[in-house]
Amino acid sequence: MVLEIYRIRVNSSEENKDNAFRILMNSGLSIICLEDEKYLVPKDGMALLRKENVIYESI
């Protein structure tokens, strides 16, 4: 099985950044935290962020 991994940056307010971190860390998915609010996430992680209206961009 090949897993698609995306590099994203969470934008906007501190509340948005905190919400993204909480969602990703509690998701049970394999997430890698990078510096400056950047993450490596699978496609399912991006879907969770969209569902919760978290603002992010693909980089």
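Here the structure is shown first, and the text comes after it.
Residues numbered from 1 in each chain as written. Predicted model: local features only at pLDDT ≥ 70, side-chain atom pairs only at ≥ 80, totals over all residues. Heavy atoms only, no water.

Undergrad: Which parts of the structure should I look at to understand the pairing of strand β3 (residues 38-42)?
TA: Where a strand is regular, its side chains alternate between the two sheet faces. Of all 5 residues that make up β3, 4 are buried, and the element is covered over most of its length. As defined by bridge partners, strand β1 (residues 5-10) adjoins β3 across 5 bridges and the pair is classed as antiparallel. What sits directly across from Arg-9, in β3, is Lys-38. (Buried < 20%, exposed > 50% of the residue type's maximum accessible area, 1.4 Å probe, protein only. Helix = DSSP H or I, 4+ residues; strand = E, 2+ residues; numbered from the N terminus. Pairing = 2+ DSSP bridges.)

Undergrad: I tried to follow the pattern of salt bridges on my own but got confused; where do I start?
TA: Pairs can form between side chains of opposite charge whenever their charged atoms are close. What the rule picks out here adds up to 2 salt bridges. Here Glu-57 ties to Arg-9 by a salt bridge, and the two come within 3.1 Å at their closest N and O atoms. Here Glu-57, found in strand β4 (residues 56-58), pairs with Arg-9, found in strand β1; they are 48 residues apart in sequence, far enough to count as distant. The exposure class of Arg-9 is partly exposed, given its relative accessible area of 27%. Here Glu-14 ties to Lys-17 by a salt bridge, and the two come within 3.8 Å at their closest N and O atoms. Note that Glu-14 and Lys-17 are positioned in helix α1 (residues 14-26) at a spacing of 3 residues, about one turn of the helix. The exposure class of Lys-17 is buried, given its relative accessible area of 18%. (Salt bridge = Lys/Arg side-chain N within 4 Å of Asp/Glu carboxyl O.)

Undergrad: Quick question: what am I supposed to make of the sheet that holds β3 here?
TA: One key point about sheets: their strands pair by backbone hydrogen bonds, in either a parallel or an antiparallel sense. Ordered by their spatial adjacency, 4 strands build an open sheet running β2-β3-β1-β4, and the pairing between neighbours is antiparallel. At either margin of the open sheet sits one strand with a lone partner, and together these are β2 (32-33) and β4. Summarising the sheet, β2 and β3 pair through 2 bridges and their orientation is antiparallel. The partner of Cys-33 across the bridge, within β3, is Tyr-39. Most of the contacts of helix α2 (residues 43-51) go to β3, to which it runs at about 110°, and overall it touches β1, β3 and β4. (Contact = heavy atoms within 4.5 Å. Axes fitted to C-alpha atoms, helices over the stretch in contact; angles between N-to-C directions.)

Undergrad: Would you explain α2 in this entry?
TA: Since the α-helix advances by 3.6 residues per turn, residues separated by three or four positions end up pointing in the same direction. Turning to α2, its buried residues number three or more, namely Gly-45, Met-46 and Leu-49. Down the axis of α2, the sector holding all buried residues measures 100°, keeping them to one side. Seen from the buried face of α2, the exposed residues on the opposite side, beyond 90 degrees, are Asp-44 and Lys-51. Residues of α2 that are buried in the fold lie against β1, α1, β3 and β4. (Arc of directions from axis to C-beta.)

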